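Architecture at a glance
Residue-level listing of the chains:
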Amino acid sequence: DTEVTQTPKHLVMGMTNKKSLKCEQHMGHRAMYWYKQKAKKPPELMFVYSYEKLSINESVPSRFSPECPNSSLLNLHLHALQPEDSALYLCASSLGLRGRLDYGYTFGSGTRLTVV
Amino acid sequence: DAKTTQPNSMESNEEEPVHLPCNHSTISGTDYIHWYRQLPSQGPEYVIHGLTSNVNNRMASLAIAEDRKSSTLILHRATLRDAAVYYCILRKEYGNKLVFGAGTILRVKS
C-alpha cells in the first residue's frame, strides 16, 4: 500500500458544527502532516506529527485540533470554523525516521471543506 | 528557511523537453533541493531531490549549478499529463518541515 487516504473527499459544515477529517497510511511512515490549501495558492503547513507526538504547530487557531491516535492514523477535529477556513485540507506522510534523510512525502488527494 | 524564486508560468509543446528554473541564492550547505508537482485536483507529488550533483530518475532530471544558487528541473519529453504546478523547495537534511513557495504553472500544448 503506497497511498495516503483521506476521508471524506468533500465536507460542508456550518459554523457551529463539529466535524473531523481523517487521514490514514499503511506505509510504516512515522511522520504525518496537515496542510491547508486555498484556491490558486501553495499548500501551507499546519501541523507535523513525529512518532505520534505533535512536533510542529504553525500557529494554527485552536478551532483546528489535530490528533494522532496511532502511527497509521491522523485526524483533524474542526469546531466553530469560519467561512474563510474553507479550503482543501491535505494530509501527507513521510518516513520520519530519526537521523535519516527524509525526502519523499506522500500526499493524499485532500478533503475539500466548505464552511457555510 | 531559505527562499526560492520560480517563474509564475511556462508553456511547452508536447513531446519537447522542458527546463523549469529555480533560483535559491541564499541556500546553505545543509539545504537539499526538492521538487514536487501538483496536478489539478490532486495532492502534491514528489518528483526529485538533490544536494550537489545532478540527479536522474524515471520522472525527471535535476541539474544543480556548481555554486548551488540555482537549479533546473528537466522533463525530457513533456506530455499533456505533465501540466501541473511545479514547486522547488529547499529543505534541511534532517528537518521534517516542507514549506511550499508559489511554484511554476506549466502548460503543455498539443
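Fair warning: this is a prediction, and the values are worked out from it, not measured in the lab.

So, about the packing of aromatic side chains. Geometrically, a pair of aromatic rings is defined through the distance of the ring centres and the angle of the planes. Inspection of every chain in the model, using the stated rule, returns 11 aromatic pairs over all chains. Here Phe107 of chain A and Phe100 of chain B contribute two aromatic rings whose centre-to-centre distance is 6.0 Å and whose plane-to-plane angle is 75 degrees, an arrangement assigned as edge-to-face. Of this pair, Phe107 of chain A sits in strand β10 (residues 106-107) while Phe100 of chain B sits in the loop between β8 (84-92) and β9 (104-109), each in a different chain. Residue Phe107 of chain A is classed as buried on the basis of its relative accessible area of 10%. Note on Phe100 of chain B: relative accessible area 9%, which makes it buried. Between Tyr36 of chain B and Tyr46 of chain B the ring centres are 5.7 Å apart and the planes differ by 75 degrees, which places this aromatic pair in the edge-to-face class. Residue Tyr36 of chain B is located in strand β3 (residues 31-38), and its partner Tyr46 of chain B is located in strand β4 (residues 45-50); the two are separated by 10 residues in the primary sequence. On the basis of relative accessible area, Tyr36 of chain B is assigned to the buried category, the value being 0%. Put simply, the rings of Tyr33, Tyr35, Tyr105 and Phe107 of chain A together with Tyr36, Tyr46, Tyr87 and Phe100 of chain B pair up and form one aromatic cluster.

This part takes up the sheet that holds strand β5 (residues 55-56) of chain B. All names here are of chain B. Pairing is antiparallel across the open sheet formed by 4 strands, whose spatial order is β2-β7-β6-β5. Edge strands, defined here as strands with exactly one partner in the open sheet, are β2 (18-23) and β5. Here β5 runs beside strand β6 (residues 61-64); their pairing, made up of 2 bridges, is antiparallel. When the bridges of β6 are listed, Asn56 appears paired with Ser61.

What follows deals with the pattern of salt bridges. Taken as a whole and judged by the stated rule, the model has 9 salt bridges over all chains. Several salt bridges converge on common partners, so that one network encompasses Lys36, Arg63 and Asp85 of chain A.

Contacts between the two partners involve 18 residues from chain B and, on the opposite side, 23 residues from chain A. Interface area lost by chain B to chain A is led by Asn96, Lys97 and Phe100 of chain B, which between them contribute 29%. The tally of links from chain B across to chain A stands at 1 salt bridge. In this structure, the salt-bridge partner of Lys97 of chain B is Glu58 of chain A, at a minimum N-O distance of 3.4 Å. Taken together, the links from chain B to chain A amount to 4 residue pairs in polar contact (both at pLDDT 80 or more). Secondary structure elements with two or more residues in the side of chain B that touches chain A: β3, β4 and β8 of chain B. Here the element with the most residues in the side of chain B that touches chain A is β3 of chain B; it accounts for 4 residues.

In sheet architecture, strand pairing relies on hydrogen bonds along the backbone and comes in two forms, parallel and antiparallel. Residues and elements named next belong to chain A. Pairing is antiparallel across the open sheet formed by 4 strands, whose spatial order is β1-β3-β8-β7. Edge positions in the sheet fall to β1 (4-7) and β7 (64-70), since each has one partner strand and no second. Here the strands of the sheet are splayed against their neighbours by 20 degrees on average, with no regard to which way each runs. Sheet topology places β1 next to strand β3 (residues 18-25); 4 bridges connect them, and they run antiparallel. Paired with Thr7 across the strands is Lys22, a residue of β3.

For the structure on display, the rule yields 2 disulfides over all chains. A sulfur-sulfur separation of 1.8 Å characterises the disulfide bridge that pairs Cys23 of chain A with Cys91 of chain A. Across the S-S bond of Cys23 of chain A and Cys91 of chain A the torsion is about -70 degrees, and the bridge reads as left-handed. On the criterion of sequence distance, the pair formed by Cys23 of chain A in strand β3 and Cys91 of chain A in strand β9 (residues 87-94) is long-range, its members being 68 residues apart. The exposure classification of Cys23 of chain A matches that of Cys91 of chain A, with both residues buried. One disulfide in the model links Cys22 of chain B with Cys88 of chain B; its S-S distance is 2.1 Å. Measuring the twist about the S-S bond at about -80 degrees, one finds the Cys22 of chain B-Cys88 of chain B disulfide to be left-handed.

Analysis parameters
Residues numbered from 1 in each chain as written. Chains lettered and ligands numbered in written order. Predicted model: local features only at pLDDT ≥ 70, side-chain atom pairs only at ≥ 80, totals over all residues. Heavy atoms only, no water. Phe/Tyr/Trp six-rings, centres within 6.5 Å; stacked < 30°, edge-to-face > 60°. Helix = DSSP H or I, 4+ residues; strand = E, 2+ residues; numbered from the N terminus. Buried < 20%, exposed > 50% of the residue type's maximum accessible area, 1.4 Å probe, protein only. Pairing = 2+ DSSP bridges. Salt bridge = Lys/Arg side-chain N within 4 Å of Asp/Glu carboxyl O. Contact = heavy atoms within 4.5 Å. Buried area = accessible area lost by both parts, 1.4 Å probe. Polar contact = N/O pair within 3.5 Å; in protein donor to acceptor, adjacent residues only side chain to side chain. Axes fitted to C-alpha atoms, helices over the stretch in contact; angles between N-to-C directions. Disulfide = S-S within 2.5 Å.

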